[in-house]
Amino acid sequence: MKKLNAKQLAWASKETFEAMRKKRLLFFSILMSFCLVIVGTMFLTGAATEDDFFKIGGGTIGLATIMGAVGNIDSVTNEKRVGKQVKARLWIISEDQYDSTQAFPSRSGRERGNIPLKAGEYWHYINSVIDSPEPKFNAEEGEIASLITNELSFIVGGMEDDVLNLLETGIGQGFYVVWEICSTGEKFLGGNGCKPLKLSSFTGGATKDNTSSTITFKNQCGEIWSKYIGNTPTEDPDTVAADATTITMTDNSRYQLTDGTAAAAEITSFTSVTDADIGRVMTILGSGGSHPSTIGTTANDFLVIGGVEWEALANSQISFKVFKDGAASYKFFEIAGTRT
């Protein structure tokens with residue numbers, strides 16, 4: 001048998017290694033594709049969230065898999081690229097207004113629904129100086145983990161008592177803030193159930209240039225601003241009569257159900273709906289009691305996720321978006337992540 005020289009041995013070793021590398025890469029690609037198909041199907045059916053994409057392979061994921069989940073990124077129109085397009089009116093609640101006995105709304109995709117409030121609590125607004133709100137986000141790679149920082153700064157004119165009271169009592173405290181993009185009407189929420197925004201700093205005074213305060217909210221967590229598809233209620237919910245099977249839609253965004261007198265009533269629709277209501281989000285609040293109402297899947301205008309009935313238990317809620325499906329008919333789609 002002819003003995004191989006050193007160059008031949010090196011070449012043979014290299015070829016063997018390359019063949020094995022290609023086989024391993026092919027096997028890994030097939031395995032990851034299979035996992036993505038499964039998780040992707042679960043995501044589309046509501047059985048999984050986007051976080052599940054990042055749990056494939058014991059918590060690690062390759063760049064190809066990340067982009068497989070993200071998809072293509074196209075350029076956007078100029079109206080979405082220009083600056084100074086955050087609405088001056090900001091909506092805010094303090095952390096202690098959140099009813100922590102209820103689950104904080106989970107995020108579906110990038111969207112988050114209504115934050116449950118304690119009884120008698122409402123959202124408040126801050127009218128900032130036009131063009132002053134500047135929501136930002138940034139992150140830097142860490143040696144072990146990477147944190148995302150969300151920051152919102154804005155200017156409030158004057159030295160009114162309510163502003164100074166907020167600054168004195170709110171510094172270092174937790175808040176949830178909603179801001180809106182003027183060109184699209186999209187709203188964004190800062191803070192989640194684990195970490196609200198913190199009133200981190202402020203500067204102000206009556207200077208030779210102006211009298212104002214610059215206020216900054218900030219938090220560090222694992223996610224950027226959520227799209228907010230909930231409401232910012234400033235009034236008590238409308239009360240729905242006991243045993244009612246429909247809800248009369250008004251300009252209110254919340255509806256409080258009442259316990260049935262002898263049996264559970266099934267809510268089948270909203271009434272008094274017009275085209276002006278298309279796209280609105282309606283939140284229905286549970287009553288609890290011996291005969292709580294239900295919203296099911298048959299003979300009604302509600303479309304519930306997975307065909308799973310909702311029961312109006314105490315401290316529960318569910319939100320629906322209004323959709324027109326005919327010349328004079330409407331349907332109400334459950335918003336993912338709003339059911340408690």
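Throughout what follows, the structure given in this document is the object of discussion. (Residues numbered from 1 in each chain as written. Predicted model: local features only at pLDDT ≥ 70, side-chain atom pairs only at ≥ 80, totals over all residues. Heavy atoms only, no water.)

## A look at helix α4 (residues 161-170)
Residue pairs spaced three or four apart in an α-helix point in one direction, given the helix's 3.6 residues per turn. For clarity, the cut-off: In this scheme, a residue with accessible area under 20% of its type's maximum is buried, one over 50% is exposed, and one in between is partly exposed, where area comes from a 1.4 Å probe on protein chains only. Secondary structure elements are defined from DSSP: runs of H or I of at least 4 residues count as helices, runs of E of at least 2 residues count as strands, and each element is numbered from the N terminus. Arc, as used here, means the arc of the directions from the helix axis to the C-beta atoms. Should any heavy atoms of two residues lie within 4.5 Å, those residues are counted as being in contact.
V163, L167 and G170 are the residues of α4 that are buried. Viewed along the axis of α4, the buried residues span an arc of 95°, placing them on a single side of the element. Opposite the buried face of α4, by more than 90 degrees, sit the exposed residues D161, D162, E168 and T169. Of the surrounding secondary structure, the elements contacted by the buried residues of α4 are β6 (148-157), β7 (174-180), β9 (197-206) and β10 (211-221). Phi for G172, located one or two positions after α4, is positive at around 85°.

## Things to note about the sheet that holds strand β20 (residues 317-324)
Heads up, the rule is: Strands are labelled as partners when DSSP assigns at least two bridges between them.
Read from one edge of the open sheet, six strands run β12-β14-β16-β20-β21-β18, paired in mixed fashion. Each edge of the open sheet carries a strand with a single partner, namely β12 (238-239) and β18 (302-303). Pairing of β12 with strand β14 (residues 254-256), which is carried by two bridges, proceeds in the parallel orientation. By the bridge assignment, T239 is partnered in β14 with Q256.

## Structural notes on the environment of H291
Topologically, H291 is positioned in the loop between β16 (281-285) and β17 (294-295). Residue classification places H291 among the partly exposed positions, given a relative accessible area of 24%. Once the C-alpha coordinates of H291 and A265 are considered, the two residues, 26 residues apart in sequence, prove to be 7.7 Å apart. Sequence-distant contacts of H291, defined by excluding residues within four places in its chain, comprise D259, G260, T261, A262, A263 and A264.

## A short note on the pairing of strand β8 (residues 187-190)
Where β7 lies against β8, four bridges are found, and the strand directions are antiparallel. Bridged to V177 within β8 is G190. Sheet analysis places β8 next to strand β11 (residues 226-228), joined by two bridges and oriented antiparallel. Note that in β11 the partner of L189 across the bridge is S226.

## A short note on the packing of aromatic side chains
To be explicit about the condition: In this analysis, rings of Phe, Tyr and Trp, with Trp reduced to its six-membered ring, are considered paired at centre separations within 6.5 Å, and the interplanar angle assigns stacked below 30 degrees, edge-to-face beyond 60, and tilted for intermediate values. Charge over a ring is defined by NZ of Lys or CZ of Arg lying within 6 Å of the ring centre and within 35 degrees of the ring normal.
Under the criterion given, the structure shown has 14 aromatic pairs. When the ring of F302 is compared with that of F332, the centres are 5.5 Å apart and the planes differ by 45°; the resulting orientation is tilted. Placement of the pair is F302 in strand β18 and F332 in strand β21 (residues 330-334), with a sequence separation of 30 residues. In this pair, the class of F302 matches that of F332, namely buried. Ring-pair connections join several aromatic residues into one group, and the members of that group are Y255, F270, F302, F320 and F332. For R89, the ring lying beneath its charged end belongs to Y125, and the centroid distance is 3.7 Å.

## As for the pattern of salt bridges
Using the following cut-off: Salt bridges are counted wherever a side-chain nitrogen of Lys or Arg sits within 4 Å of a carboxyl oxygen of Asp or Glu.
Counted by the stated rule, this structure contains eleven salt bridges. Here E223 and R112 are joined by a salt bridge, their closest N and O atoms 2.8 Å apart. Taken together, the residues E223 in the loop between β10 and β11 and R112 in strand β3 (residues 111-112) connect sequence positions 111 residues apart. Taking the shortest distance from any N to any O, the salt bridge between E334 and R339 comes out at 2.9 Å.

## A closer look at the pairing of β16
For β16, the tally of buried residues reaches five of five residues, placing the bulk of the element in the interior. Burial of the side chains of β16 extends over both faces: V281, T283 and L285 are buried on one face and M282 and I284 on the other. The sheet contact formed by β14 and β16 spans three bridges and is parallel. Bridge assignment links Q256 to a residue of β16, and that residue is L285. Here five bridges tie β16 to β20, and the two strands are oriented antiparallel to one another. Bridge pairing links M282 to F320 in β20.

As far as function goes, none of this settles anything; it's purely spatial.
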